[in-house]
Amino acid sequence: MRTNISLTALAALSLAGCGGTSLNISRVVGESRAFGAGKVETWAMIDSSGEISEVGATIPMSLVRNLATTPPGDGPLGAVASLKYPEMVRQKTFFNTLALHANPNGHPGAYYTTPHFDVHFYNVPDATIRTYGPVDAASQASSVVLPAGYIMEPGAVPQMGTHAITAEDATALNGERKFIKTMIQGYFNGKVVFVEPMVTQELMLSKESFTLPVPKPTKFGLAAPTLYPTKFHADYNATTDSYDFHYTEFVTVQ
């Protein structure tokens, strides 16, 4: 289990750096939204030099346990929470907006019918997400360079984007097996606009920690270089009775 450093906006932890220099690592919180006794929250770990080592989102078990009775929210396409990241995170990294979708009945098609959460980590603001229309994915294919092992789904979801799924998931769509966890890459107009862990309620109720690979295309189509993660972790936090979905080990992409 991962121990949360703090629940305050700025909780400093002194670590020894090179040459004995101390750096203060702060947990900087963005926006949050309450769900019962818990809250969905965006956050990042930033040191006193401005280096961002971790970007994450907290999902409370109060929401996980009550998925069946959670109605659609007022976020893009009914997201139950649409939350900004801290300004420094939006300026320096891929992360801009968290759009959390709760799906008590899953999605059409046998593979995705299990109750689950779609956790969209966007690199654009809420207002931009809401402008996305049902663009035909085929029209984007020539300008998109998919990550290795990913396949683009046909069409696009309004107020969301076009989804690229793993070849393993694509193969399983027409079988009897149901998904448990997976990582999706999202596009719009030939640009990478989100990464999306999809995770079942059953897995989160088990309180198990897990990881997922982070897809990394050779071309993102971004306007300027930005920091993009290469590691994803999901850890249950017993102290706060919540999950931390967080990304680490950033590299520069464009």
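A brief look at the structure comes next.

Conventions we followed
- Residues numbered from 1 in each chain as written.
- Predicted model: local features only at pLDDT ≥ 70, side-chain atom pairs only at ≥ 80, totals over all residues.
- Heavy atoms only, no water.
- Phe/Tyr/Trp six-rings, centres within 6.5 Å; stacked < 30°, edge-to-face > 60°.
- Helix = DSSP H or I, 4+ residues; strand = E, 2+ residues; numbered from the N terminus.
- Buried < 20%, exposed > 50% of the residue type's maximum accessible area, 1.4 Å probe, protein only.
- Pairing = 2+ DSSP bridges.
- Axes fitted to C-alpha atoms, helices over the stretch in contact; angles between N-to-C directions.
- Core = buried A, V, L, I, M, F, W, Y, C linked by side-chain atoms within 4.5 Å.
- Contact = heavy atoms within 4.5 Å.
- Polar contact = N/O pair within 3.5 Å; in protein donor to acceptor, adjacent residues only side chain to side chain.
- Salt bridge = Lys/Arg side-chain N within 4 Å of Asp/Glu carboxyl O.

**Topic: the packing of aromatic side chains**
For step 1, the next point in the chain: Considering all chains together, one arrives at 19 aromatic pairs under this definition.
For step 2, the next point in the chain: Ring centres of Phe 121 and Tyr 247 lie 4.9 Å apart, and the angle between their planes is 80 degrees; this geometry places the pair in the edge-to-face category. With Phe 121 in strand E7 (residues 116-122) and Tyr 247 in strand E14 (residues 242-253), this residue pair connects regions lying 126 residues apart in the sequence. The same class applies to Phe 121 as to Tyr 247, namely buried.
For step 3, the next point in the chain: Centroid distance Tyr 236 to Tyr 243: 6.0 Å. Interplanar angle 65 degrees. Geometry classified as edge-to-face. We note that Tyr 236, like Tyr 243, is buried.

**Things to note about the sheet that holds strand E5 (residues 81-84)**
For step 1, the next point in the chain: The seven strands lie next to each other as E5-E6-E7-E11-E10-E9-E8, forming an open sheet whose pairing is antiparallel. Every interior strand has two partners, whereas the edge strands, E5 and strand E8 (150-152), have only one. If you compare each strand with its neighbour and ignore which way they point, the axes differ by 25 degrees on average.
For step 2, the next point in the chain: Bridge analysis of E5 against strand E6 (residues 97-103) gives four bridges, and the strand direction is antiparallel. Note that in E6 the partner of Lys 84 across the bridge is Thr 97.

**Remarks on the pairing of strand E4 (residues 52-60)**
For step 1, the next point in the chain: Counted residue by residue, E4 has eight buried out of nine residues, so it is predominantly covered.
For step 2, the next point in the chain: Across six bridges, strand E3 (residues 38-47) lies against E4 in antiparallel orientation. Residue pairing across strands places Trp 43 opposite Gly 56, the latter belonging to E4.
For step 3, the next point in the chain: Joining the antiparallel neighbours E3 and E4 is a turn of four residues, in which Gly 50 adopts a positive phi near 95 degrees.
For step 4, the next point in the chain: Across seven bridges, E4 lies against E14 in antiparallel orientation. Each bridged residue has a counterpart across the sheet, and for Ile 59 the counterpart in E14 is Tyr 243.

**Observations concerning the nonpolar core**
For step 1, the next point in the chain: Counting residues in hydrophobic clusters, the biggest one holds 50 residues, and the most contacted among them are Leu 100, Phe 117, Phe 121, Phe 210, Phe 232 and Phe 245.
For step 2, the next point in the chain: When neighbours within four sequence positions are excluded, Leu 100 is seen to be in contact with Val 40, Ile 59, Leu 63, Ala 79, Val 80, Ala 81, Phe 117, Asp 118 and Val 119.
For step 3, the next point in the chain: Membership of the second largest hydrophobic core comes to 17 residues, among which are Ala 99, Tyr 112, Val 124 and Tyr 132.

**Section: the side chain of Glu 41**
For step 1, the next point in the chain: Positionally, Glu 41 belongs in strand E3.
For step 2, the next point in the chain: A relative accessible area of 5% places Glu 41 in the buried class.
For step 3, the next point in the chain: One polar contact links Glu 41 to Arg 27, side chain to side chain, over a distance of 3.2 Å.

**Looking at unusual backbone geometry**
For step 1, the next point in the chain: Positioned with a positive phi, Lys 207 is a non-glycine residue whose angle comes to about 65 degrees.
For step 2, the next point in the chain: Looking at Lys 207, the relative accessible area reads 35%, which means it is partly exposed.
For step 3, the next point in the chain: A positive phi angle is found at Glu 249, which is not glycine, with a value near 55 degrees.
For step 4, the next point in the chain: Tracing the sequence through the fold places Glu 249 in strand E14.
For step 5, the next point in the chain: Under the relative-accessibility criterion, Glu 249 is labelled partly exposed at 49%.

**What about the pattern of salt bridges?**
For step 1, the next point in the chain: A complete count under the given rule lists six salt bridges for this structure.
For step 2, the next point in the chain: Asp 241 serves as the salt-bridge partner of Arg 65, at 2.9 Å between the closest nitrogen and oxygen. You can see Arg 65 sitting in helix H1 (residues 61-65) and its partner Asp 241 sitting in the loop between strand E13 (226-237) and E14, a full 176 residues away along the chain.
For step 3, the next point in the chain: Overall, Arg 65 belongs to the partly exposed group, its relative accessible area being 42%.
For step 4, the next point in the chain: Each of Arg 27, Lys 39 and Glu 41 takes part in a single network of salt bridges with overlapping partners.

**Examining the environment of Thr 162**
For step 1, the next point in the chain: Among the secondary structure elements, Thr 162 is positioned in strand E9 (residues 162-166).
For step 2, the next point in the chain: Residues Thr 162 and Tyr 132, spaced 30 residues apart in sequence, show a C-alpha to C-alpha distance of 9.7 Å.
For step 3, the next point in the chain: In this structure the side chain of Thr 162 is engaged in a polar contact, spanning 3.5 Å, whose partner is the backbone oxygen of Gly 155.

From the geometry alone we can't say anything about function, so treat these as descriptive.
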